[in-house]
Amino acid sequence: MLQERPVPITRKGLEKLQAELDELRNVQRPEVAERIKLAKEFGDIMENSEYDSAKNDQGWIEGRIATLEKMVRNAQIIEETRRSTKLVALGSRVKVKDEFGEETFTIVGPVEADPAKGRISLESPVGKALIGRLKGDKVKVKTPSGSRSLVILTIR
């Protein structure tokens, strides 16, 4: 995820990333720095579990900040108004039918994917199979749990 490549994301998704980045920089980073300072006051840091815990938290926070900064810097906003209702594209809401029934997916960038909420990444097997397809198309998808045949019912 740290590669320098475009990060497709909605405006709302970008706002969430920026809010998380702000929280990490302005709240969590200072808090962990204070924890490290207090832990050092306990004496020897070699066998100080408070210090070790705070340093581990600091490492995670700094890594997450670096990741978020790159994602924000490389954000490529998905414009809601440009979506086609004829062709499945990033941002499309697609209703499909298979042998198990009907499902609706929104095709999003990997950062915003949440399969439990019907938001699938364009890089997922189903997302890849649907991108560029038309209403009525039949699509075969190879997933980790086996092959599925989908029929595209609607595109919004």
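So, here is what we can say about the structure in this document. Just so it is clear, the model here is predicted, and its values are computed rather than measured.

### Regarding the overall build of the protein
Across its full length, the protein carries 3 helices and 7 strands. Starting at the N terminus and walking to the C terminus, you meet the elements of the protein as β-α-α-β-β-β-β-α-β-β. At 21 Å, the protein has a C-alpha radius of gyration far larger than the 15 Å of a compact globule built from 156 residues. If you line up the protein on its principal axes, its C-alpha atoms span 70 × 35 × 25 Å.

### Here's the deal with the pairing of strand β6 (residues 138-143)
Side chains of β6 alternate between two faces, with Val139, Val141 and Thr143 buried and Lys138, Lys140 and Lys142 left unburied. Examined bridge by bridge, β6 and strand β7 (residues 146-155) share 6 bridges and lie antiparallel to one another. Following the sheet pairing, Lys138 is matched in β7 by Val151. In this antiparallel pair of consecutive strands, β6 and β7, the connection spans 2 residues.

### Thoughts on the nonpolar core
In terms of nonpolar packing, the biggest core is built from 15 residues, with Leu17, Leu24, Ile61, Ile65, Leu68 and Met71 touching the most fellow members. Mapped onto this core, the elements with two or more residues apiece are β1 (7-9), α1 (11-41) and α2 (49-73). The biggest single contributor to this core is α1, with 7 residues. Setting aside its immediate chain neighbours within four residues, Leu24 contacts Arg29, Pro30, Trp60, Ile61, Arg64, Ile65 and Leu68.

### Remarks on the pattern of salt bridges
All chains considered together, the criterion is met by 10 salt bridges. Glu20 is the partner of Arg64 in a salt bridge, and the nearest nitrogen-oxygen pair spans 2.8 Å. Of the two residues, Arg64 is situated in helix α2 and Glu20 in helix α1; the sequence distance between them amounts to 44 residues. Asp57 is paired through a salt bridge with Arg35; the nearest N and O atoms lie 2.7 Å apart. Here Asp57 is found in helix α2, whereas its partner Arg35 is found in helix α1, with 22 residues between them in sequence. The class of Asp57 is partly exposed, set by a relative accessible area of 31%. Within the structure, one salt-bridge network assembled from shared partners comprises Asp98, Glu103 and Arg148.

How each quantity is defined
Residues numbered from 1 in each chain as written. Predicted model: local features only at pLDDT ≥ 70, side-chain atom pairs only at ≥ 80, totals over all residues. Heavy atoms only, no water. Helix = DSSP H or I, 4+ residues; strand = E, 2+ residues; numbered from the N terminus. Rg over C-alpha atoms; globule rule 2.2 N^0.38 Å. Buried < 20%, exposed > 50% of the residue type's maximum accessible area, 1.4 Å probe, protein only. Pairing = 2+ DSSP bridges. Core = buried A, V, L, I, M, F, W, Y, C linked by side-chain atoms within 4.5 Å. Contact = heavy atoms within 4.5 Å. Salt bridge = Lys/Arg side-chain N within 4 Å of Asp/Glu carboxyl O.

Any functional reading would require information beyond the geometric quantities listed.
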